[in-house]
Amino acid sequence: RTTWTVEPWADPAQDVSVKKQDDRGEVLQIRFSAGKHGKTALSRPLEMNLAAAERLRSDVHHTRPKPIGISCAFWTMPNLQFFESPIHDVPPGNWHQGVEINLESSDFKSAATNWEYRTALQNRDRTAQLTFIVNYGDAEKGTVWIDRARFEGKVEATQRAGKEK
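A. Local environment of the pattern of salt bridges. Taken as a whole and assessed by the stated rule, the structure comprises 15 salt bridges. Aspartate 59 is paired through a salt bridge with arginine 150; the nearest N and O atoms lie 3.2 Å apart. With aspartate 59 in strand E5 (residues 53-62) and arginine 150 in strand E11 (residues 141-153), this residue pair connects regions lying 91 residues apart in the sequence. Overall, the relative accessible area of 2% leaves aspartate 59 in the buried class.

B. The pairing of strand E10 (residues 127-135), seen in detail. Where burial is concerned, most of E10 is hidden: nine out of the nine residues are buried. As paired strands, strand E4 (residues 39-49) and E10 are joined by eight bridges and run antiparallel to one another. Bridging from a neighbouring strand, leucine 42 pairs with phenylalanine 132 of E10. Across eight bridges, strand E6 (residues 68-76) lies against E10 in antiparallel orientation. The residue of E10 that forms the bridge with isoleucine 70 is valine 134.

C. Summary view of the packing of aromatic side chains. One pass over the structure, following the stated rule, counts six aromatic pairs. Their ring planes at 85° and their centres at 5.7 Å tell us that tryptophan 9 and phenylalanine 82 sit as a pair that is edge-to-face. You can see tryptophan 9 sitting in the loop between strand E1 (5-6) and strand E2 (13-21) and its partner phenylalanine 82 sitting in strand E7 (residues 81-84), a full 73 residues away along the chain. Assessed through its relative accessible area of 30%, tryptophan 9 is described here as partly exposed.

D. Summary view of unusual backbone geometry. A cis amide bond links methionine 77 to the next residue, proline 78, at an omega of 5°. One can find proline 78 in the loop between E6 and E7. One non-glycine residue, asparagine 79, lies in positive phi territory at about 70°. Tracing the backbone shows asparagine 79 in the loop between E6 and E7. Using a relative accessible area of 57% as the deciding quantity, one classes asparagine 79 as exposed. Non-glycine residue asparagine 114 carries a positive phi angle of around 55°.

E. Region of the structure containing the side chain of threonine 143. With respect to the helices and strands, threonine 143 occurs in strand E11. Those residues within four positions of threonine 143 in sequence are excluded, and the remaining contacts are Gln29, Ile30, Arg31, Phe32, His61, His62 and Thr63.

F. Structural view of the pairing of E6. Counting buried residues in E6 gives nine out of nine residues, a clear majority hidden from the surface. Bridge count between E6 and strand E8 (residues 88-90): three bridges; the pairing is antiparallel. Bridging from a neighbouring strand, isoleucine 68 pairs with valine 90 of E8. Here E6 folds back onto E7, and the loop between the two strands holds four residues, one of which, asparagine 79, carries a positive phi near 70°.

G. Fine view of the confidence of the model for the protein. When pLDDT is averaged along the protein, the result is 91, and 95% of the positions lie at 70 or above. Averaged over each element, pLDDT in the protein is lowest for strand E12 (residues 156-157) (84) and highest for E7 (98). For the stretch residues 161-165, pLDDT sits under 50, and the model shows twelve contacts to residues farther than four places along the chain or on other chains.

Rules used throughout
- The written sequence of each chain sets the order in which its residues are numbered from 1.
- Totals for whole chains, interfaces and linings use all residues, but because this is a predicted model, local features are given only for residues with pLDDT of at least 70 and pairs of side-chain atoms are given and counted only at 80 or more.
- Heavy atoms from the whole structure form the basis of all side-chain values; hydrogens and water molecules are not counted.
- We define a salt bridge as a contact between a side-chain nitrogen of Lys or Arg and a carboxyl oxygen of Asp or Glu at a distance within 4 Å.
- The helix and strand labels rest on DSSP assignments: H or I over at least four residues marks a helix, E over at least two residues marks a strand, and numbering proceeds from the N terminus.
- Buried means the residue's accessible area, taken with a 1.4 Å probe over protein chains only, is under 20% of the maximum for its type, while exposed means over 50%, and partly exposed covers the values in between.
- DSSP-based pairing: two strands are paired if at least 2 bridges between them are found.
- Put simply, two rings from Phe, Tyr or Trp (the six-membered ring, in Trp's case) pair if the centres are within 6.5 Å, and we call them stacked under 30 degrees between planes, edge-to-face over 60, tilted for the rest.
- Pairs of residues are marked as contacts when any of their non-hydrogen atoms sit within 4.5 Å.
- Per-residue confidence from the predictor is reported as pLDDT, a score between 0 and 100.

Next comes the structure, spelled out in structure tokens:
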């Protein structure tokens, strides 16, 4: 089972767990409450070669009456460089299938761009970690479920990508 870690640069989550849902199987559940950053971020190791991957899709559902934002960050080697996708609005209501992060776009942000969305995802062949970022703004509390995260295009596992410096 995959372990998700809450990132210290975002608000803490009240609960992060993998829950079984009758119609979906196991899904990632994130319960949050208001914080100074208006977002929580969860990371897991992902030692993959994503050079030929086109996009990451996932299904998202939440309890808020207003939209929330979902983005993904990829940490690549060397030196665990951080690249965050643009934020995608997820409306309230039923499951939203295929929330898409385009891995081939040039609108990621990173320290090298002074956190502006204007770079490609660098070193995709040496991905070490994946982060889901839930942007909830001024919400007091809520729950988000993420399911069926999947890459489209060719994806290959790499060994020990996260062990490099």
